[in-house]
Amino acid sequence: MLNILKKFSTSNGPEAPGARVLKFWSLRPRSDREAGDAVTSNFLLHWFPAKVSKASMAWRYSFWLGTITAALFLLLTLSGLPLLLLYVPSVERAYQSVKDLEYVITFGRWIRAVHRIAAHAMVIAVVLHLARVFFTGAYKNGVGRNQHREWNWVIGVALLLLTLFLSFTGYLLPWDQLAFWAVTVGTNIASAIPMIGPKVRELLIGGRTIEQATLIRFYVLHIVFLPGAVAALFAYHMWRVRKDGGLARADREETAGVPMLTTPSATKTYTLLGVARGTAPAVTARTLQAPNTTVNAVPDLARRAVIATLATIAVVSILSVFIRSPLEEPANALVTPNPAKAPWYFLWLQEIVTDTTIHLGRFTINGAFIGGVVLPGLLIGLMTVWPWLDKSPSLAAGVWFARERRTQNLVFILVMVAILALTFIGMVMRGPYWQFYWPWQVWPDVPGRI
């Protein structure tokens, strides 16, 4: 075998350094042909096309938020494996197993912090990725055949909902006061749905009260069904990106590109009468066909994906050293924290529920139904069908804040700012009995507050 490798390396001349090239050729291709072969022969690199446009690889265009989200999901999976082996999904032992992770098991506190920070960061990354796609109009079809980018946008909305639910189911598992009452507030919003609300809440928690059935149900959803659904939709999402010809930025370059003349190259033509020297014919090519506008996916695209992934893992790992995961007293259904708050990503809903609850004499407008069901339902529905409502030209796809999409981008920004403002109010300015307090005001001591 060594003789064969030696023979192969010497047959390629001085450019082949030996067996090391055979081992790493798919990561360090020396020609366009090897770069194309790397994509087809390597399972991980098979995600990538053979060629990608330089414009779509720019850091400032996509900020690589999709890759960062995938890296966070990978980190959640890796950090969740030891937690899966050490956690006991029982109301009698769940809290103690988490406490052992914090104070007894070596590196347990760091692993739990990595898992928690990655979960919160994934929610933020998915929202930012969705906002980037909206602001660039990347859900619009371009010049490619059989493009269905609007369906990839729908997949993105579904992934956002699954990410929120995945984080929500994991919120209960520590079985402390913070987790117990956050899930209580969150599931109570679902009970405001007319006619079927109580049944929906019972389906979520496995009964009428949050107890062992709820913990087991959330545990199984958190470690099996929801991660599987996220992984399946993510795989389809990536396949759909490939099927649609890459990012919308590439279509933008093709649509708005100016025809350019390729540089003639010196050639030799062999004829019966001898050798004729001259230049190759000049060929007119559009932008994406020009050789200086595309690069090989391997190693250029693969290198940037690795950098984004390793940087994400490094940042989360370093933050986990300094930021500890909270662990309050064991869950107690008889002692209600004052105030009892939903998880931070649902605080804007809790604030809307409060603001839309209006008492008019004996008549009360149900804020839980309006703020917890109607408004978020309309928002999600509008987001889902928006690609079919957007009538802006295809030239606006792949452009940040295109002039043709100024109004809808402004509305989207106002909605995002409103959600952030409501989240901040619910997180910082709501005190006992859900009263409003300025950040510099001291909350009064009240019974039941922990």
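Caption draft 1: The overall build of the protein, seen in detail. Secondary structure assignment for the protein yields 16 helices and eight strands. In the protein, the proportion of contacts linking residues at least 24 apart, taken out of those at least 6 apart, comes to 70%. Only carbon and sulfur atoms are counted for the fraction: they give 67% of the accessible area of the protein, which is about 25400 Å².

Caption draft 2: Summary view of the packing of helix 9 (residues 177–190) against helix 10 (residues 197–205). Direction vectors running N to C along helix 9 and helix 10 enclose 145 degrees, while the axes themselves pass 7 Å from each other. Residue-level inspection shows Thr187, Asn188 and Ala190 of helix 9 in contact with helix 10, the latter providing Gly197, Val200, Arg201, Leu204 and Ile205. The class makeup of the residues in the contact of helix 9 with helix 10 is four nonpolar, three polar and one charged.

Caption draft 3: Region of the structure containing the environment of Ala311. Position of Ala311 relative to the elements: it lies in helix 13 (residues 297–322). For Ala311, a relative accessible area of 40% translates into the label partly exposed. In the structure, Ala311 is positioned 240 residues away from Ala71 in sequence and 9.3 Å away in space, judged by C-alpha atoms.

Caption draft 4: Geometry of helix 15 (residues 367–389). Along helix 15, the largest kink reaches about 35 degrees and is centred on Met383; proline Pro387 follows within four residues of it. All of the buried residues in helix 15 are Gly367, Ala368, Gly371, Gly372, Pro376, Met383 and Pro387.

Caption draft 5: Quick look at a nonpolar patch on the surface. On the surface, Leu74, Leu78, Leu81, Leu84, Ile216, Val220, Ile223, Val224 and Phe225 cluster together into a nonpolar patch covering about 740 Å² of accessible area. Breaking the nonpolar patch down by element, the ones donating at least two residues are helix 5 (65–86) and helix 11 (212–243). In terms of residue count, helix 11 provides more of the nonpolar patch than any other element does, five residues in total. Tracing the chain through its elements places Phe225 in helix 11. Look at Phe225 and you get exposed, because its relative accessible area is 54%.

Caption draft 6: Summary view of the packing of aromatic side chains. Within the structure shown, the criterion is met by 25 aromatic pairs. Measuring from ring centre to ring centre gives 5.7 Å for Tyr87 and Tyr219, while their planes differ by 35 degrees; the resulting arrangement is tilted. Remark: Tyr219 occurs in helix 11 and Tyr87 occurs in the loop between helix 5 and helix 6 (94–103); sequence separation between them is 132 residues. By relative accessible area, Tyr87 is classed as buried at 10%. Accessibility expressed as a relative area gives 12% for Tyr219, which makes it buried. Ring geometry for Tyr437 and Trp443: centres 6.4 Å apart, planes at 45 degrees, overall tilted. On the basis of relative accessible area, Tyr437 is assigned to the buried category, the value being 15%. Three or more aromatic residues joined by ring pairs form one cluster here, namely Phe63, Phe134, Phe135, Tyr139, Trp153, Trp386, Trp400, Phe401 and Phe412.

Caption draft 7: Main features of the pattern of salt bridges. The tally for this structure, following the rule as stated, stands at eight salt bridges. A salt bridge links Asp244 to Arg240, with the nearest nitrogen and oxygen atoms 3.0 Å apart. Across this residue pair, the class does not change: Asp244 and Arg240 are buried. As a salt-bridge pair, Arg430 and Glu351 come within 2.6 Å of each other at their nearest N and O atoms. In this pair, Arg430 sits in the segment after helix 16 (406–429) while Glu351 sits in helix 14 (residues 347–355), placing the two residues 79 residues apart along the sequence. Of the two residues, Arg430 and Glu351, both sit in the buried class. Sharing partners across several salt bridges, the network here consists of Glu102, Arg109, Arg112 and Arg324.

Analysis parameters
Residues numbered from 1 in each chain as written. Predicted model: local features only at pLDDT ≥ 70, side-chain atom pairs only at ≥ 80, totals over all residues. Heavy atoms only, no water. Helix = DSSP H or I, 4+ residues; strand = E, 2+ residues; numbered from the N terminus. Contact = heavy atoms within 4.5 Å. Areas by Shrake-Rupley, 256 points an atom, 1.4 Å probe, with all protein chains shown as cover. Axes fitted to C-alpha atoms, helices over the stretch in contact; angles between N-to-C directions. Nonpolar A, V, L, I, M, F, W, Y, C, P; charged D, E, K, R; others polar. Buried < 20%, exposed > 50% of the residue type's maximum accessible area, 1.4 Å probe, protein only. Bend = angle between axes of the 7 residues up to and from the residue. Patch = residues over 30% accessible without salt bridge, like charges linked within 9 Å, V, L, I, M, F, W, Y side chains within 5 Å. Salt bridge = Lys/Arg side-chain N within 4 Å of Asp/Glu carboxyl O. Phe/Tyr/Trp six-rings, centres within 6.5 Å; stacked < 30°, edge-to-face > 60°.

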